[in-house]
Amino acid sequence: MAISPPTERVWWRTPIARVELVWIIIALLWGVTMFSMMIYWHGRGKQNLSNEAYRVNPQAYMQKVQTEAEKYKIREEAGIPVVKPPPGTDIYMLARLWQWWPIFELEKNKSYRLHLSSLDWQHGFSLQPVNLNLQVYPEYDMVVTITPDQAGEFTVVCNEYCGIGHHQMIGKIYVTEGAGGEQQ
Amino acid sequence: MTTPTRFRTCPTTGLKVDLSAERLIKANAVAAIVFLAVGGLFGLLVALTRWPAVHLLPADLFYLVLTAHGLDVLLVWIIFFEMAVLYFASAVLLNSRLAAPRWAWAGFGLMLVGAVITNVAVLQGGSTVMFTSYVPMQAAPHFYLGIILFAVGALIGCFVFFGTLVIARDERTYHGSIPLVTFGALTAAIIAVFTIASGAIILIPTLLWSVGYISTIDPLMYKTVWWAMGHSSQQINVAAHVSLWYMIAAMVLGAKPLSEKVSRMAFLMYILFLQLASAHHLLVEPGISSEWKIFNTSYAIYLAVVGSMIHGMTVPGSIEAAQRRNGFTQGMFEWLRKAPWGNPAFAGMFLSLILFGFLGGISGVVLGTEQINIIMHNTLYVPGHFHATVVAGTTLAFMAATYLLLPLIFKRKVIWPKLASWQPYLFAIGVAGISLFMMGAGTLGVSRRHWDITFADSILQFDYPAAAFLMMGLNGLSAVLASVGGVVFILIAVGTVFVGERVGDDEKLEIATPEAAAATAGPTVSEYGSEKELKIPGTTAMVAVFFTVFVLYYFVNWKYLSEIWPLS
């Protein structure tokens, strides 16, 4: 029994039953398959994180975000600037207690290099209803190239607990059909 | 030796029980169940607040209670119970005296004081930082201090366990190798040492930071090392509850491992690879390379998952083989149909096995896939997953083991046997609901640790889909059901300890089923673990179903991932 010492003293020399051996081999092969899937997706899949990140001073990051927002601001919404940066460029969003700043207006099927960093605690960038989730750190600037492939209104919910106002922390990203329409 | 050791011989199992070990097992189990009651109540309050139609607590209390819930059940309840398991699996199963009982009591005292200090810190309101306490969010110094004391106490317990193994070997209290259950407990204890070391490496500097001796702690470094504690501590649970599965199958059905070699190899894979799982929490973080993420999140090409998949066959397989030996040989599933489903120890164990495998195991692997994590990270999918592993898996297995601990160690007969036979089902159905509905809500994007998914106080507005609200309501209902199961368990456990009928000193209890008792009491215990005789068609069919579900669900999630915005 499992609660008493093994009945065969040399238990490590007893043969393994076929059904167990087959299952072990299947499990090992399945492990290799799942491991390979992640590598395969880096080559062929379209949803991968870039691994690009920089050390950044929160104050300097805030300056950069503000400068960029002033440059491309097209209107305001609830006191937050709505920014329409040119496609293909770097766009900068900051997280702080308890706000995502600024709001973006992007064009469908265009790529943007999105920078994310926090000015204070950790935050969770949770883009809804796409359900795309990234962790946002202070002192780290993460760069991800995003290509919105749907037009409409999208919401950034904070999904890392960040204190008492956590559940009020919402941001927006608008995606328009854009001048180029359906073209890539 | 400072204290003379006294033993009693258990009339039921024939084991020699060191009375100092017995007292320690009792103390740790009682402390565990007290914190389960407290932490479980906090959990119910969390679920009732997240049920949109009820929305019980105000925001500040909700976050406070959520912090306390995580600490009390994920850490305190489970580690206290694991200490009881360690002392049982060493001193009792090996017929040995316990090493250094005074040290073990010191460890127990430190754990208790630490748990109380951290609870006080949380309830005072200045440490609402969640169980994870990610820096730069700061808690009061005694929040960290309590956890450190608790961990030091647990570490002492681990070394008492190791010492007992050495004593048992030296004094030849058993022949051959240690039993499989003790081997599994050893696995848990080794992982615990790694866990506690990681905790010390990160929490001691964090304590110094909170009192102002250290100016900054890098948040990414904190999270990497913290999860080397946080996730590894869940691997202690896995090793411990898998050991209890084997133990209960052995005690109730007389089950013997199909192959000692295979089951021990599976435990060894846990020791070697489970600790890499810190990576599961770092898959969408900046500053960590994909190579690191892929290797670590897969536990080195899924070798630890292979370990669990092996137990997934060998545990039910050993039950099937034992039941067939016990005479249930009709068709593929007579052994399962005629299993002792009215015995809460067996029922709890088997439900734990099924729910841990199907809900917890599969969702964990999917969630821990580097890219798929993008569509799940920090959503309710995450607590959905770990309630399946830690509550349906570990907690239910510990409850099941308690039904054996009460008569054998506390020497009291379980009160209200009829209610007790229902308890595992109530709890299991409730917890399965919690897990499934949280995973469902997470798939719809609902955030974890979030007070108000209607965003009523927010400047900007957003509505989650209506289905998400339905999921949260069903989650609340399931939590109520699980709580009923939990309350029944605690009433039975506490009631049995205080007013249960005493087991006489020479009274032999019927722990095993009559068929198992007849089969194992025979002059020769029939051998079925050998290569030639092994027949487990029912288990093979169940494993085939499991594997099919696993493969389908895994690829369905790649499909979901492929539909979101392209990212590079």
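Residues numbered from 1 in each chain as written. Chains lettered and ligands numbered in written order. Predicted model: local features only at pLDDT ≥ 70, side-chain atom pairs only at ≥ 80, totals over all residues.

1. Re the overall build of chain A
To be explicit about the condition: Numbering of helices and strands starts at the N terminus; helices are DSSP runs of H or I of at least 4 residues and strands are runs of E of at least 2. Buried, partly exposed and exposed are defined by the number of other C-beta atoms within 10 Å of a residue's own C-beta, namely 20 or more, between the two limits, and 12 or fewer respectively, with C-beta atoms placed from the backbone. The contact criterion used here is simple: two residues whose C-beta atoms, placed from the backbone, lie within 7 Å are in contact.
Counting secondary structure elements, chain A contains two helices and 12 strands. Each helix (α) and strand (β) of chain A, taken in turn from the N terminus, gives the series α-β-α-β-β-β-β-β-β-β-β-β-β-β. With respect to the three principal axes, the spread of C-alpha positions in chain A is 80 × 45 × 30 Å. Going through the 184 residues of chain A one by one, you find that 45% of them count as buried. Counting only contacts in chain A whose residues sit at least 6 apart along the sequence, the fraction spanning at least 24 positions is 56%.

2. Focus: the overall build of chain B
Convention followed: For the radius of gyration, the atoms used are the C-alpha atoms, and the globule rule reads 2.2 Å times the number of residues raised to 0.38.
Of regular secondary structure, chain B possesses 16 helices and two strands. In terms of C-alpha radius of gyration, chain B reaches 23 Å, essentially the compact-globule figure of 24 Å for 568 residues. Expressed as lengths along the three principal axes of its C-alpha atoms, the size of chain B is roughly 75 × 60 × 45 Å. Put simply, chain B has 568 residues, and 60% of those count as buried. Put simply, of all contacts in chain B between residues at least 6 apart along the chain, 85% involve residues at least 24 apart.

3. Some details on helix H16 (residues 537-562) of chain B
Selection rule: In this scheme, a helix's expected span is set at 1.5 Å multiplied by one less than its residue total.
Taking 1.5 Å per residue as the helical rise, H16 of chain B with its 26 residues ought to reach 38 Å, and the 38 Å between its terminal C-alpha atoms agrees with that figure. Within the sequence span of H16 of chain B, burial applies to Gly538, Thr539, Met542, Val543, Phe550 and Leu561 of chain B. Looking at the buried side of H16 of chain B, the elements it contacts are helix H1 (18-44) of chain A together with helix H9 (299-325), helix H10 (334-337) and helix H11 (344-367) of chain B.

4. Focus: the nonpolar core
Residues and elements named next belong to chain B. Cut-off, in case you're wondering: For this entry, the nonpolar core is defined as buried Ala, Val, Leu, Ile, Met, Phe, Trp, Tyr and Cys residues connected by C-beta atoms within 7 Å.
Counting residues in hydrophobic clusters, the biggest one holds 260 residues, and the most contacted among them are Ile248 and Ala249. Of all the elements, helix H2 (residues 59-92) adds the most residues to this core, at 25 residues. Each residue touching isoleucine 248, except ones within four places of it in the same chain, is listed here: Ala345, Phe346, Met349, Ala400, Ala401 and Leu404.

5. Some remarks on unusual backbone geometry
Residue and element names in this part refer to chain A. Leucine 97 connects to tryptophan 98 through a cis peptide bond whose omega is -10 degrees. With respect to the helices and strands, tryptophan 98 occurs in the loop between strand S4 (90-96) and strand S5 (99-101). Geometrically, the link from glutamine 128 to proline 129 is a cis peptide bond, its omega value of 0 degrees lying close to zero. Relative to the helices and strands, proline 129 resides in the loop between strand S8 (123-128) and strand S9 (132-136).

6. Description of the packing of helix H12 (residues 381-408) of chain B against helix H13 (residues 417-443) of chain B
Residue and element names in this part refer to chain B. Going by this rule: Under this scheme, a helix contributes an axis fitted over its contacting stretch, all axes are lines through C-alpha atoms, and angles between N-to-C directions fall in the 0 to 180 degree range. Each angle is binned into one of four classes, with values under 35 degrees roughly parallel, values over 145 roughly antiparallel, values of 65 to 115 roughly perpendicular, and all other values oblique. Ten residues, namely Ala, Val, Leu, Ile, Met, Phe, Trp, Tyr, Cys and Pro, are considered nonpolar, four, namely Asp, Glu, Lys and Arg, are considered charged, and the remaining ones, Gly among them, are considered polar.
Where H12 meets H13, the closest approach of the two axes is 7 Å, and the angle between their N-to-C directions is 170 degrees. Considering the angle they form, H12 stands roughly antiparallel to H13. Residue composition of the contact of H12 with H13, grouped by class: 19 nonpolar, six polar and no charged.

7. Overview of the interface of chain A and chain B
Tallying the contact residues gives 70 residues for chain A and 85 residues for chain B. With 15 residues, the top contributor of residues to the side of chain A that touches chain B is H1 of chain A. In terms of residue class, the side of chain A that touches chain B is built from 41 nonpolar, 23 polar and six charged.

8. Overview of helix H5 (residues 180-210) of chain B
Here H5 of chain B spans 44 Å end to end across 31 residues, near enough to the 45 Å set by a 1.5 Å rise per residue. Among the residues trailing H5 of chain B, glycine 212 of chain B stands out with phi positive, at a value near 100 degrees.

9. Here's the deal with the sheet that holds strand S10 (residues 140-146) of chain A
All names here are of chain A. Stated precisely, the cut-off is as follows: We call two strands paired when DSSP finds no fewer than two bridges between them.
As summarised here, the arrangement of the five strands in space is S1-S10-S7-S4-S5, forming an open sheet in which the pairing is mixed. Pairing within the sheet leaves two strands with one partner each, and these edge strands are strand S1 (52-55) and S5. Ignoring which end each strand starts from, the neighbouring axes of this sheet average 25 degrees apart. Note: strand S7 (residues 112-118) against S10, five bridges, orientation antiparallel. Each residue of the ladder has a partner; that of arginine 113, found in S10, is threonine 145. Of the strands in this sheet, S4, S5, S7 and S10 are in contact with helix H2 (residues 58-72), which crosses S4 at around 125 degrees.

10. As for the sheet that holds S8 of chain A
All names here are of chain A. Ordered by their spatial adjacency, seven strands build an open sheet running S2-S3-S6-S12-S11-S8-S9, and the pairing between neighbours is mixed. Every other strand in the sheet has two partners, leaving strand S2 (73-77) and S9 as the edge strands with one partner each. Taking the axes of each pair of neighbouring strands and ignoring which way they run, one obtains an average angle of 25 degrees across the sheet.

11. Points about the pairing of S9 of chain A
Residue and element names in this part refer to chain A. Most of S9 sits inside the fold, with five of its five residues counted as buried. Alternating positions in S9 separate into two faces, Leu132, Leu134 and Val136 on one and Asn133 and Gln135 on the other, with burial throughout. Both S8 and S9 contribute to a ladder of five bridges, which runs antiparallel. Bridge pairing in S9 links leucine 127 to leucine 132. Between S8 and S9, which pair antiparallel one after the other, the connecting turn spans three residues, and asparagine 131 there sits at a positive phi close to 70 degrees.

12. Considerations on the pairing of S7 of chain A
Residue and element names in this part refer to chain A. Extensive coverage of S7 is indicated by the burial of six of its seven residues. Bridge analysis of S4 against S7 gives six bridges, and the strand direction is parallel. When the sheet's bridge partners are listed, leucine 94 is paired in S7 with serine 117.

13. Quick word on the environment of valine 225 of chain B
Residue and element names in this part refer to chain B. Tracing the backbone through its elements, the reader meets valine 225 in helix H6 (residues 219-253). Residue classification places valine 225 among the buried residues on the basis of 21 C-beta atoms within 10 Å. Valine 225 has contacts with Ser198, Ile201 and Ile202, leaving out every residue within four places of it along the chain.

14. Digging into the packing of H2 of chain B against H6 of chain B
All names here are of chain B. To keep it simple, the criterion reads: Note on convention: near helix rotated counterclockwise from far helix by under a right angle means a left-handed crossing. Clockwise means right-handed.
It is at 11 Å that the axes of H2 and H6 come closest, and there the two elements cross at 50 degrees. The orientation of H2 with respect to H6, classified from their angle, is oblique. As for how H2 packs across H6, the hand of that crossing is left-handed. For the pair formed by H2 and H6, the contact residues are Ile78, Glu82, Val85 and Ala89 on the first element and Ile236, Asn237, Ala240, Ser243 and Leu244 on the second.

15. As for the confidence of the model for chain B
Condition: Scored between 0 and 100, pLDDT is the confidence that the predictor attaches to each residue.
For chain B, per-residue confidence averages 94 on the pLDDT scale, and residues scoring 70 or more make up 97% of the total. The ipTM for the predicted assembly is 0.95, set against a pTM of 0.95.

16. Quick notes on the environment of isoleucine 146 of chain A
As for its placement among the helices and strands, isoleucine 146 of chain A is situated in strand S10. In this structure isoleucine 146 of chain A comes out as buried when scored by C-beta crowding, with 21 C-beta atoms within 10 Å. For the pair isoleucine 146 of chain A and glutamate 70 of chain A, spaced 76 residues apart in the sequence, the C-alpha separation amounts to 22 Å. Setting aside its immediate chain neighbours within four residues, isoleucine 146 of chain A contacts Tyr112 and Leu114 of chain A together with Trp565 and Leu567 of chain B.

17. A look at the environment of tryptophan 226 of chain B
Along the polypeptide, tryptophan 226 of chain B turns up in helix H6. Leaving out residues up to four positions away in the same chain, tryptophan 226 of chain B has contacts with Thr132 and Ile202 of chain B.

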